[in-house]
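Each chain, letter by letter, is given below.
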Amino acid sequence: MDKILYIANWKSHKTTDETKQFLDRLKERISSVNLADKQIIIAPSYTQLAECRRFIGDNNVQISLAAQNVSAYPQGAYTGEVNAGQLKEFVEYVIVGHSERRKYFNEEESDIENKIREATEAGIKVIQCIQDQNSIIHKGIEIVAYEPPSAIGSGNPDDPQHVIEVFKSIKEHRPEAILLYGGSVNPETISRYREILDLKGFLIGGASLDADSFISLLS
Ligand code: PGA
């Protein structure tokens, strides 16, 4: 059975104390979730990766980690960057091409391409975000998250019918792609998407910050 991916994209949130609180609450409640058909992936800030890794090891829970970014360069003299080889110690996945990185950090297709190459060479699976059906899906990408910028953080998720159309158009040229939806997914809106045939998971921002809210998405 294909597992549905629930990816918690914490963006630039959470101190160590806040991360611990989230994980403690998740631990209390996770036994109520049937994980046979679900894969939980947490994408914290770099500073919380070690804390999350330790929690997963100590509690033997089925949670994977993703990085929210990766350097476009290999190891070397690139002050402030975290390279794919360093991330591989902590994560199985990385998110690349998010519209916030395009908007605030001027990321372009060539940067995204370099990040994908670095991650892939290090053995990290890439979750590539796309903004619409005309966005470029780079070579070798298996997991594609469709995230229309107008739906992100707005409380105004995309019309499920439109998501179906976008997925159909992606499948025409990338039939093997694992397709996710993201943009204002929360406990109220998630049920609108569950019936979409090709949907294999969700990228969740705001509603993933609170453990109870995140757990309710998994129920
Ligand atoms: P949101 O963010 O759930 O807060 O809309 C989704 C995302 O940007 O990944």
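Residues numbered from 1 in each chain as written. Predicted model: local features only at pLDDT ≥ 70, side-chain atom pairs only at ≥ 80, totals over all residues. Heavy atoms only, no water.

### Quick word on the sheet that holds strand E4 (residues 93-96)
- One closed barrel accounts for eight strands, arranged E1-E2-E3-E4-E5-E6-E7-E8; its pairing is parallel. Here the average twist between neighbouring strands, direction ignored, is 30 degrees.
- One ladder, built from four bridges, connects strand E5 (residues 125-130) with strand E6 (residues 143-146); its direction is parallel. Looking across to E6, one finds that Cys129 is bridged to Ala145.
- Across the sheet, helix H7 (residues 211-218) lies against strand E1 (4-9), strand E2 (38-43) and strand E8 (199-204), angled at about 165 degrees from E1, the strand it touches most. (Pairing = 2+ DSSP bridges. Helix = DSSP H or I, 4+ residues; strand = E, 2+ residues; numbered from the N terminus. Axes fitted to C-alpha atoms, helices over the stretch in contact; angles between N-to-C directions. Contact = heavy atoms within 4.5 Å.)

### Observations concerning the site of the ligand
- Surveying the vicinity of the ligand reveals 13 residues, the closest of which are Lys11, His98, Glu147, Gly153 and Ser184.
- His98 is positioned such that a nitrogen or oxygen atom in its side chain is 2.7 Å from an oxygen atom of the ligand.
- Interatomic distance of 2.6 Å between a backbone N/O atom of Gly153 and an oxygen atom of the ligand.
- Coverage of the ligand by the protein chains reaches 95% of its 280 Å² of free accessible surface. (Near = heavy atom within 4 Å. Polar contact = N/O pair within 3.5 Å; in protein donor to acceptor, adjacent residues only side chain to side chain. Areas by Shrake-Rupley, 256 points an atom, 1.4 Å probe, with all protein chains shown as cover.)

### Let's talk about the pattern of salt bridges
- Tallying each qualifying case throughout the model produces 13 salt bridges.
- For Glu28, the salt bridge is made with Arg25, and the minimal N-O distance between the two is 2.7 Å. One end of the pair, Glu28, and the other, Arg25, are both in helix H1 (residues 16-29), three residues apart, so they sit about a helical turn from each other.
- Residue class for Arg25 comes out partly exposed when judged on its relative accessible area of 31%.
- The residue Arg101 makes a salt bridge to Glu107 at a minimum N-O spacing of 2.6 Å.
- The network of salt bridges with common partners includes Arg25, Glu28, Arg29 and Asp212. (Salt bridge = Lys/Arg side-chain N within 4 Å of Asp/Glu carboxyl O. Buried < 20%, exposed > 50% of the residue type's maximum accessible area, 1.4 Å probe, protein only.)

### Focus on the nonpolar core
- Residues Ile42, Ile63, Tyr181 and Phe214 are the most contacted members of the largest nonpolar core, which totals 56 residues.
- With five residues, H7 is the single largest residue contributor to this core.
- If we skip the residues at most four places from it in the chain, Tyr181 touches Tyr146, Pro148, Ala151, Pro157, Asp158, Val163, Phe167, Tyr193, Leu199, Gly201, Phe202 and Leu203.
- Counting residues in each nonpolar core, the second largest holds 13 residues, with Ala43, Tyr93, Ile127 and Ala145 among its members. (Core = buried A, V, L, I, M, F, W, Y, C linked by side-chain atoms within 4.5 Å.)

### Description of the pairing of E8
- Counting buried residues in E8 gives five out of six residues, a clear majority hidden from the surface.
- Relative to E8, E1 runs parallel, the two being bridged by four bridges. Bridged to Leu5 within E8 is Gly201.
- Note that strand E7 (residues 178-182) and E8 share three bridges and pair parallel. Across the sheet, residue Tyr181 finds its bridge partner in E8, namely Phe202.

### So, the environment of Asn106
- Positionally, Asn106 belongs in the loop between helix H4 (99-105) and helix H5 (109-121).
- Relative accessible area serves as the criterion here: at 57%, Asn106 is assigned to the exposed category.
- If we ignore the near neighbours within four places in the chain, the residues touching Asn106 are Arg101 and Asp111.

### Some details on H5
- Compared with the 18 Å implied by 1.5 Å per residue over 13 residues, the 18 Å span of H5 between its first and last C-alpha is a close match.
- Those residues of H5 lying buried are Ile112, Lys115, Ile116, Glu118 and Ala119. Each buried residue of H5 lies within a common arc of 165 degrees when the element is viewed along its axis, so the set occupies one face.
- Contacts from the buried residues of H5 go to helix H3 (84-87), E4, H4 and E5.
- Of the residues trailing H5, Gly123 is marked for its positive phi of about 85 degrees. (Expected span 1.5 Å × (residues − 1). Arc of directions from axis to C-beta.)

### Some remarks on unusual backbone geometry
- Phi at Asn106 takes a positive value of approximately 55 degrees, unusual for a residue other than glycine.
- Its identity as a non-glycine residue notwithstanding, Ser184 has a phi of 55 degrees, on the positive side.
- A relative accessible area of 13% places Ser184 in the buried class.

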